[in-house]
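# Fold and contact review
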Amino acid sequence: MGFKSKLFTSMTLTLILFIGLTSLALAVILSLLGVDLLGIALIIVSVNLFEWMIAPYVIEAIYHVRPLQPNEYPWLHRIIRELSRRMGVKTPKLMLAEINVPNAFAYGSPLSGPRVAVTKGLVENLTKEEIEAVLGHELGHLKHHDVGIMMFLSLIPSMFFLIARYAMFASLFGGMDRRDRGGGIVALILIAGISYLIYFALILLLLRHSRLRELYADYESAVNIPLGARKLAAALAKIALVTGRLGKIAERELARASAFKALLIADPESYNLKGIGWSRSWEEDYMLAVKLASEKVREVALFSTHPPLRERLRRLIELDKELSSKPDYYR
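Residues numbered from 1 in each chain as written. Predicted model: local features only at pLDDT ≥ 70, side-chain atom pairs only at ≥ 80, totals over all residues. Heavy atoms only, no water.

### Notes on the overall build of the chain
Counting its regular elements, the chain contains eleven helices and four strands. With 331 residues in all, the chain has 50% of them scored as buried. The contacts of the chain with a sequence gap of at least 6 include a subset with a gap of at least 24, amounting to 79%. Surface exposure of the chain reaches about 15800 Å², of which carbon and sulfur atoms provide 63%. (Helix = DSSP H or I, 4+ residues; strand = E, 2+ residues; numbered from the N terminus. Buried < 20%, exposed > 50% of the residue type's maximum accessible area, 1.4 Å probe, protein only. Contact = heavy atoms within 4.5 Å. Areas by Shrake-Rupley, 256 points an atom, 1.4 Å probe, with all protein chains shown as cover.)

### Notes on the environment of I99
Looking at the secondary structure, you find I99 in the loop between β2 (93–97) and β3 (104–109). Between the alpha carbons of I99 and H64 there is a distance of 7.3 Å; along the sequence they are 35 residues apart.

### Remarks on the packing of helix α3 (residues 74–87) against helix α5 (residues 128–143)
Each pair of packed helices can be summarised by the angle the axes make with each other and by the distance between the axes. Here α3 crosses α5 at 45°, and the two axes come no closer than 10 Å. Considering their axes alone, α3 and α5 lie oblique with respect to each other. In this structure, α3 crosses over α5, and the sense of that crossing is right-handed. Note on element contacts: α5 touches α3 through K128, I131, E132, L135, G136, L139, G140 and K143, opposite W75, L76, I79, I80, L83, S84 and M87. Among the residues forming the contact of α3 with α5, the class breakdown is nine nonpolar, three polar and three charged. (Axes fitted to C-alpha atoms, helices over the stretch in contact; angles between N-to-C directions. Parallel < 35°, antiparallel > 145°, perpendicular 65-115°, else oblique. Left-handed = near helix turned anticlockwise from the far one by under 90°. Nonpolar A, V, L, I, M, F, W, Y, C, P; charged D, E, K, R; others polar.)

### Concerning α5
The end-to-end C-alpha distance of α5, which contains 16 residues, comes to 22 Å, matching closely the 22 Å that a straight helix rising 1.5 Å per residue would cover. A large share of α5 lies buried, amounting to 13 of its 16 residues. Immediately beyond the C-terminal end of α5, within one or two residues, lies H145, with a positive phi of roughly 55°. (Expected span 1.5 Å × (residues − 1).)

### Comments concerning the pattern of salt bridges
Taken as a whole and judged by the stated rule, the model has 16 salt bridges. Between R312 and D218 there is a salt bridge; the shortest N-O distance is 2.8 Å. One end of the pair, R312, is in helix α11 (residues 309–323); the other, D218, is in helix α7 (residues 182–224), and 94 residues separate them in sequence. Each member of the pair R312 and D218 is classed as buried. (Salt bridge = Lys/Arg side-chain N within 4 Å of Asp/Glu carboxyl O.)

### Notes on the sheet that holds β3
Strands sit in the order β1-β2-β4-β3 across an open sheet of four strands; the sheet is mixed. Pairing within the sheet leaves two strands with one partner each, and these edge strands are β1 (65–67) and β3. Across the sheet, the mean angle separating the axes of adjacent strands is 30° when strand polarity is ignored. Looking at chain direction, β2 and strand β4 (residues 113–119) are connected through five bridges and run parallel. (Pairing = 2+ DSSP bridges.)

### Considering a nonpolar patch on the surface
Among the surface-exposed residues, F50, I54, Y57, V58 and L111 lie close enough to one another that they form a single nonpolar patch of about 470 Å² accessible area. Position of Y57 among the secondary structure elements: in helix α2 (residues 38–62). (Patch = residues over 30% accessible without salt bridge, like charges linked within 9 Å, V, L, I, M, F, W, Y side chains within 5 Å.)

### Examining the nonpolar core
Counting 57 residues, the largest nonpolar core has L76, V118, L122, V134, L135 and L313 as the members making the most contacts within it. If sequence neighbours within four positions are ignored, V118 has contacts with L76, M95, L96, A97, N103, A104, V123 and L135. Ranked by size, the runner-up nonpolar core spans 16 residues in total, among them F160, I198, L205 and L206. (Core = buried A, V, L, I, M, F, W, Y, C linked by side-chain atoms within 4.5 Å.)

### Examining the side chain of R213
With respect to the element layout, R213 can be found in helix α7. In this structure the side chain of R213 is engaged in a polar contact, spanning 3.5 Å, whose partner is the side chain of D146. In contact with R213, other than residues within four places in its own chain, are M11, H141, D146, M150, A262 and L263. (Polar contact = N/O pair within 3.5 Å; in protein donor to acceptor, adjacent residues only side chain to side chain.)

### Observations concerning the packing of aromatic side chains
Following the criterion strictly, the structure yields six aromatic pairs and no others. Relative to F105, the ring of Y63 lies with its centre 5.1 Å away and its plane at 40°, an arrangement referred to as tilted. One end of the pair, Y63, is in the loop between α2 and β1; the other, F105, is in strand β3, and 42 residues separate them in sequence. Ring centres of F161 and Y199 lie 5.1 Å apart, and the angle between their planes is 45°; this geometry places the pair in the tilted category. Of this pair, F161 sits in helix α6 (residues 146–174) while Y199 sits in helix α7, placing them 38 residues apart in sequence. Relative accessible area serves as the criterion here: at 29%, F161 is assigned to the partly exposed category. Of the residues examined, Y199 reaches a relative accessible area of 28% and is grouped as partly exposed. (Phe/Tyr/Trp six-rings, centres within 6.5 Å; stacked < 30°, edge-to-face > 60°.)

Structure representation (structure tokens):
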């Protein structure tokens, strides 16, 4: 089974488990609780849909994002147009985030349309080949409709969290004058406990899906760009090193936006290697990526939105070996 097949299977199984666990939990809760939860669900969905619609504008305010004019970095516009055509997606609006940390992210809603933002730090520190690979990754997210899927998935844990709070408060305050209805209070406490457990389990599955979607976007970059796996590995290594070099600057610039770090191509809180130099050649950066991938470092990703750096680099290096037998990979 190839890289793409394994990744697709893992993502599918994660989604099946997510939906199955949700359905089972709701069936149990509805059997214990005679209250119609449809109203709660509708409120949660409405609020989250509203947040989805306005999220691009909130993100742009937090990250100091502005449209990138056609006369600014014309080579960037050329790359995004060519990659969009090659990958079969609508060309997104290209944006620039005025922050020094090298990163990029794809986002959008029906109101804003698809957008891809690169940071000033990315343009200033990475080579054009590395930036091309980063843009291929972000277009991969748009191709897979990741923003919409993640929005849908994120609705469900929040619903169980609110159900748990509702049941707990109802058991504490709603049952105080009805001591003869102790069975109802026990049912509410049981519902609250189940809902909190389901919330925690769904968050873990949501984080796993987030990590898998990053790997899937990596794959799209690798197969749609000549030597894409090597260039993306070089880019990720460079992003980690530059972020580490910035140190406190990176922490200050991105600390206030931790809620949106799942959007970024690299988690700035974990990709912060220090004390290693870098070059302006993506080939040399790739050799550095190979070195980092070969280091035996234990990295736990259970509560992370992104795969550990070295695991990600190892997968790209393995994918590079798999794709190197295809002539199209070199042009």
